[in-house]
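These are the residues of each chain, in order.
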Amino acid sequence: GAFTHGSNGACSYCHVVDADSHAFKPELTSTCSMCHGEATDIATIRLMRTTDYDGDGDVTEPLADEIAALAALLYAEIQTASGMTLVYSASSYPYWFTDTNGDGVTDADEASYSNSYKAWTAELLRAANNYQISQKEHGAWAHNTDYIAQILIDSIEDLGGDISGVNRP
């Protein structure tokens, strides 16, 4: 039958969990077109959302792009709030490092545990956590768009950033 958001089994509606495949990867099927007729692949899904979260004037871009733009705004605000001394690397634990040369990029010699960032404030730590969620939960844009957009926007504001150009869910 047709999928109803919030129904039991919602995960298995979009994610493959049959006997032949245990990958749990999302899969765009012909059934999806009932609600997502515009989608050509899973990352292009927008549904009927008209909120321009990132404030770029495009209410047709994929939700993944809306969230990526908000995450980029937050990352820039995190760097500004840290005095341009904090950089991120999704592939190197503990992910947040001191930018020793001030170039705004996590260089190979900076991405080490011994160079982990330590000058956390409460606001900066909350923002870094919310940014990390947006980066590590690859389906955040699909699983709860409004929530992820809200925590990114709230973090920008919490760090003193200008959110007048973005739109809260």
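Per chain, residue numbering runs from 1 following the sequence as it is written. pLDDT decides what is reported in this predicted model: residues at 70 or higher carry local features, side-chain atom pairs at 80 or more are listed and counted, and totals for whole chains, interfaces and linings draw on all residues regardless. Based on all heavy atoms of the structure, the side-chain values leave hydrogens and waters out of the count.

A short note on the overall build of the chain
Stated precisely, the cut-off is as follows: Put simply, DSSP H or I for four residues or longer makes a helix, DSSP E for two residues or longer makes a strand, and each gets a number counted from the N terminus. Here's how the labels work: a residue is buried when its accessible area is under 20% of the maximum for its type, exposed when over 50%, partly exposed in between, all with a 1.4 Å probe on protein chains only. Contacts were defined at the residue level, with two residues in contact if any of their heavy atoms lie within 4.5 Å. Here the Shrake-Rupley method, with its probe set to 1.4 Å, supplies the accessible areas, and only the displayed protein chains count as covering residues.
When its secondary structure is counted, the chain shows five helices and two strands. Moving toward the C terminus, one meets the helices and strands of the chain in the order α-α-β-β-α-α-α. Out of the 169 residues belonging to the chain, those deemed buried represent 36%. Partitioning the intrachain contacts of the chain with sequence separation of at least 6 by distance along the chain shows that 37% fall at a separation of at least 24. Summed over its atoms, the accessible surface of the chain is roughly 9500 Å², and 54% of this surface lies on carbon and sulfur atoms.

Section: helix α2 (residues 63-81)
Applicable threshold: The span expected for a helix works out to 1.5 Å for each residue beyond the first.
Helix length check: α2 (19 residues) gives 27 Å between terminal C-alpha atoms against 27 Å at 1.5 Å per residue, within 8%. Turning to α2, the residues buried within the fold contact β1 (86-88), β2 (96-98), α3 (122-136), α4 (140-143) and α5 (145-158). Backbone geometry just downstream of α2 places Gly83 in the positive-phi region, at approximately 75°.

Remarks on α5
Across its 14 residues, α5 extends 20 Å between first and last C-alpha, which sits within 8% of the 20 Å expected from 1.5 Å per residue. Thr145, Ile148, Ala149, Ile151, Leu152, Ile153, Ser155 and Ile156 are the residues of α5 that are buried. The secondary structure elements touched by the buried residues of α5 are α2, α3 and α4. After α5 finishes, the residue Gly160 shows a positive phi value of roughly 95°.

Here's the deal with the nonpolar core
In summary, soluble globular proteins display a tendency toward joint burial of nonpolar side chains. Our working definition: Residues belong to a common nonpolar core when they are buried Ala, Val, Leu, Ile, Met, Phe, Trp, Tyr or Cys residues joined through side-chain atoms within 4.5 Å.
Counting 31 residues, the largest nonpolar core has Ile67, Leu70, Leu74, Ile78, Trp96, Tyr131 and Leu152 as the members making the most contacts within it. At the level of elements, α2, β1, β2, α3, α4 and α5 are the ones that each hand at least two residues to this core. Sort the elements by how many residues they give to this core and α2 lands first, with eight residues. Those residues in contact with Leu74, other than ones at most four positions away along the chain, are Ala127, Tyr131, Leu152, Ser155, Ile156 and Leu159.

What to know about the pattern of salt bridges
So the rule is basically this: A side-chain nitrogen of Lys or Arg and a carboxyl oxygen of Asp or Glu constitute a salt bridge if their distance falls within 4 Å.
Applying the stated criterion to the full structure yields three salt bridges. For Asp158, the salt bridge identified is with Arg126, shortest N-O distance 3.1 Å. Of this pair, Asp158 sits in helix α5 while Arg126 sits in helix α3; the two residues are 32 residues apart in sequence, bridging distant segments of the chain. Owing to a relative accessible area of 36%, Asp158 belongs among the partly exposed residues under this scheme. The class for Arg126 is partly exposed, based on a relative accessible area of 43%. The partner of Glu157 in a salt bridge is Arg168, and the shortest N-O contact between them spans 2.6 Å. One end of the pair, Glu157, is in helix α5; the other, Arg168, is in the segment after α5, and eleven residues separate them in sequence. The partly exposed category is assigned to Arg168, whose relative accessible area is 36%. Among the charged side chains, a salt-bridge network with shared partners connects Asp154, Glu157 and Arg168.

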